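Structural description and commentary
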Amino acid sequence: MKKSAKIAPAKGSLGVLTPGIGAVSTTFMAGVELVRQRAALPIGSLTQMGTIRLGKRTENRAPRIRKFVPLADLKDIVFGGWDLFPDSAFEAASKAGVLDAQHLSKAAPLLKKIQPMKAAFDQNFVRNLHGKHVKKAKNKFDLAEQLRDDIREFKKRTKVARTVMVWCASTEVFLKPEKVHATLDDFERAMKENHPAVAPSMLYAYAAIQEGVPFANGAPNLTAEIPALVHLAKEKNVPICGKDFKTGQTLMKTILSPGFKARMIGVSGWFSTNILGNRDGEVLDDPGSFKTKEESKLGALEYIFQPKLYPELYAKLYHKVRINYYPPRGDNKEGWDNIDIFGWLNYPMQIKVDFLCRDSILAAPIVLDLCLFLDLAQRAGLRGIQEWLSFYFKSPMCAPELYPEHDLFIQLMKLKNTLRWMMGEELITHLGAEYYD
Ligand SMILES: NC(=O)c1ccc[n+]([C@@H]2O[C@H](COP(=O)([O-])OP(=O)(O)OC[C@H]3O[C@@H](n4cnc5c(N)ncnc54)[C@H](O)[C@@H]3O)[C@@H](O)[C@H]2O)c1
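Residues numbered from 1 in each chain as written. Predicted model: local features only at pLDDT ≥ 70, side-chain atom pairs only at ≥ 80, totals over all residues. Heavy atoms only, no water.

Moving on, we get to the side chain of Ser257. Relative to the assigned elements, Ser257 resides in helix H10 (residues 249-262). By relative accessible area, which is 0% here, Ser257 ends up buried. Setting aside chain neighbours within four positions, we find Ser257 in contact with Trp270, Leu301, Ile304 and Phe305. (Helix = DSSP H or I, 4+ residues; strand = E, 2+ residues; numbered from the N terminus. Buried < 20%, exposed > 50% of the residue type's maximum accessible area, 1.4 Å probe, protein only. Contact = heavy atoms within 4.5 Å.)

Within the secondary structure, Lys95 is located in helix H4 (residues 89-96). By relative accessible area, which is 59% here, Lys95 ends up exposed. For the pair Lys95 and Met413, spaced 318 residues apart in sequence, the C-alpha separation works out to 38 Å.

Let us now look at the nonpolar core. The tendency in soluble globular proteins is for nonpolar side chains to be buried as a group. Formed by 61 residues in total, the largest nonpolar core has its most connected members in Phe28, Phe245, Phe373, Tyr392 and Leu419. In terms of residue count, helix H14 (residues 359-379) provides more of this core than any other element does, 12 residues in total. When residues no more than four places from it in sequence are discounted, the contact partners of Phe373 are Thr47, Ile65, Leu71, Trp388, Leu389, Tyr392, Leu415 and Leu419. In this structure, Leu143, Leu147, Val180 and Ala199 belong to the second largest nonpolar core, which totals 51 residues. (Core = buried A, V, L, I, M, F, W, Y, C linked by side-chain atoms within 4.5 Å.)

Attention now goes to the sheet that holds strand S4 (residues 162-167). The 7 strands are arranged S3-S2-S1-S4-S5-S6-S11 in an open sheet whose pairing can be described as parallel. Edge positions in the sheet fall to strand S3 (117-118) and strand S11 (384-385), since each has one partner strand and no second. Where helix H1 (residues 23-36) meets the sheet, its contacts fall on strand S1 (14-19) and strand S2 (77-83), and the angle it forms with S2 comes to roughly 165°. (Pairing = 2+ DSSP bridges. Axes fitted to C-alpha atoms, helices over the stretch in contact; angles between N-to-C directions.)

Here strand S9 (residues 334-342) runs beside strand S10 (residues 348-356); their pairing, made up of 9 bridges, is antiparallel. Residue pairing across strands places Phe342 opposite Pro348, the latter belonging to S10. Taken together, S9 and the strand that follows it, S10, pair antiparallel across an intervening segment of 5 residues, in which Leu345 is found at a positive phi of about 65°.

All right, on to the pattern of salt bridges then. Inspection of the entire model under this criterion finds 20 salt bridges. One salt bridge connects Lys414 with Glu387, and the closest N-O pair in it is separated by 3.7 Å. Here Lys414 is found in helix H15 (residues 408-422), whereas its partner Glu387 is found in the loop between S11 and H15, with 27 residues between them in sequence. In this structure, a network of salt bridges that share partners links the residues Glu145, Arg148, Asp149, Arg152 and Glu211. (Salt bridge = Lys/Arg side-chain N within 4 Å of Asp/Glu carboxyl O.)

Here it is as structure tokens:
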């Protein structure tokens, strides 16, 4: 099966807009700049470091992904964004405390130039933040119009050829899809009526899609995962994906659990707890935002273990997730997992994982890959939900009739096969029978 459409070349600059100029987005921006200066390596980025096998194993063809598909070059990326605090990206990065002084000073000339645009913000959705750098408007529709103006103004000012948007702002309170999210008409009416089920993140997603800008959601908020916006994305030929960057603890979960299942090892309990002290941790200290995160973190095991198919092994799994705001740790989160497993003849065993991770260091390369792949997707004529980018998310968006695929290794295979398909290469099934004929 070969994809016939041609991929437009990555000519000109690529604008990257991030709602949220915080720990993740500034670590991403600074990292790209350091890589451009050849002062660091883009470790953790599949687009920059990864290779892709093509053809038979005997052909020895394994180019770098960035040589195989026409991705934008890092030197062509131009940054912009919004925040409810007026700090430049340099001040925000200094406060976030992720990068050391040497890295910060090398990235400073770039970061100092990035001033946030005023945010579309509503305290009802993120209760623990109190910033003043916010837009005023008569209703939510008007706010979305202002965001669209910002996007157009950014494009004009920077002369970028293409633009993508990645939500790197705080986690909003938990929302479920409702009637007002069903169609574009319903949604636009709800914006005009200031309906409480229209979150600021939805306004950014709406503005991006209306402006033809691909959109990724790095937080667990509902945001673009509503029929009105999914349909709009298809209609406007805009690729979208989400939700919630898969970084520390959930990354470990989706690495370990497919292994247990592959070997038919039972799991009776999985207790995960975290301490973190960055602004994200402070926001998640509010029960409304925590609920959104908790739902996102709980989903993965249920889908990977398929308890309906393997009731003896996983039906009784007790899964609990806790996040504790603990300021001394800053961005350096510690995630503990206690996993109660059982093997042959039901004998119990335990596994303990203690992951001393750096949240934004794990998230930054994901932001980069999403920008480059979403831009590629648009140039390749793909639109709507990009399930092949599930690899990067804790709660992957997929077609309503499907269940999401959480297994990291299946996600990677899907991503690479999508690239092969885009480029007219044979898909790899790992059958390999021909080697033994
Ligand atoms: N770092 C990770 O490993 C990781 C993993 C998964 C998801 N996330 C999510 O990524 C997001 C960013 O994380 P972070 O550590 O950079 O947080 P952060 O608090 O450092 O930065 C978020 C920024 O967004 C701003 N903001 C909030 N609402 C806004 C709005 N409506 N418009 C514009 N700006 C707004 C805040 O003022 C803040 O500066 C969070 O939602 C977090 O849950 C992070």
